[in-house]
Amino acid sequence: MEKLKIKTLALKILKIFVWVFLILLAGFIVLSITRIPHVLEAQKTEAQIIKIHSTKLQMKDVTGENLPPVPGVEADKTLQGVDANLNGIRDDVEL
């Protein structure tokens, strides 16, 4: 009778540990999945920082010779506007 009580108690404790482990594992998986967008965004940011740091400023940039042409009404047709020189800055803002 005593051995049966010990086995029953041991099984109950084992079940509790299994459930706690499964809950912790599920939480870890959920947190790992929700972290993926942040990691991807951090990688994009790092790539942009590398691009910015690798850009060399030239005298033509300082004197304004590398400025794009005036975009006119085309700049307001979309939210992104016009970027003729492909530097990531709207031409109407750059001017």
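Cut-off values and rules
- Residues numbered from 1 in each chain as written.
- Predicted model: local features only at pLDDT ≥ 70, side-chain atom pairs only at ≥ 80, totals over all residues.
- Heavy atoms only, no water.
- Helix = DSSP H or I, 4+ residues; strand = E, 2+ residues; numbered from the N terminus.
- Rg over C-alpha atoms; globule rule 2.2 N^0.38 Å.
- Buried < 20%, exposed > 50% of the residue type's maximum accessible area, 1.4 Å probe, protein only.
- Expected span 1.5 Å × (residues − 1).
- Bend = angle between axes of the 7 residues up to and from the residue.
- pLDDT = per-residue confidence, 0-100.
- 1 Å grid on protein atoms, 1.4 Å probe; cavity = no way out; pocket = protein on both sides within 12 Å on 5 of 7 lines; lining within 4 Å.
- Points joined across faces, edges and corners; volume = space filled by probe spheres on them.

1. Examining the overall build of the protein
Move 1: Secondary structure summary: the protein contains 3 helices and 0 strands in total.
Move 2: A compact globule built from 95 residues would reach a C-alpha radius of gyration of about 12 Å, whereas the protein, at 30 Å, exceeds it by more than 25%.
Move 3: When its C-alpha atoms are laid out on the principal axes, the protein stretches across 95 × 30 × 10 Å.
Move 4: Taken over 95 residues, the protein has a buried fraction of 4%.

2. Observations regarding helix α1 (residues 2–54)
Move 1: In this model, α1 (53 residues) spans 76 Å end to end at C-alpha, consistent with the 78 Å of a helix rising 1.5 Å per residue.
Move 2: The sharpest bend along α1 comes to roughly 30°, located at Ile-36, with the proline Pro-37 sitting one to four residues further on.

3. Concerning the confidence of the model for the protein
Move 1: When pLDDT is averaged across the protein, the result is 85; 98% of the residues are at 70 or more.
Move 2: For the protein, the element scoring lowest by mean pLDDT is helix α3 (residues 91–94), at 74; α1 scores highest, at 92.

4. Thoughts on the layout of surface pockets
To locate leftover empty space, one rolls a probe as large as a water molecule over the atoms.
Move 1: Volume-wise, the largest pocket comes out at about 320 Å³.
Move 2: Looking at the largest pocket, it is lined by 15 residues, and the ones nearest its centre are Thr-55, Leu-57, Asp-61, Asn-87 and Glu-94.
Move 3: When contributions to the lining of the largest pocket are tallied by element, the ones reaching two or more residues are α1 and α2 (59–63).
Move 4: The dominant element in the lining of the largest pocket, judged by the number of residues it contributes, is α1, at 3 residues.

5. Some remarks on the environment of Glu-65
Move 1: One can find Glu-65 in the loop between α2 and α3.
Move 2: Separated by 21 residues in the primary sequence, Glu-65 and Leu-86 have C-alpha atoms spaced 15 Å apart.

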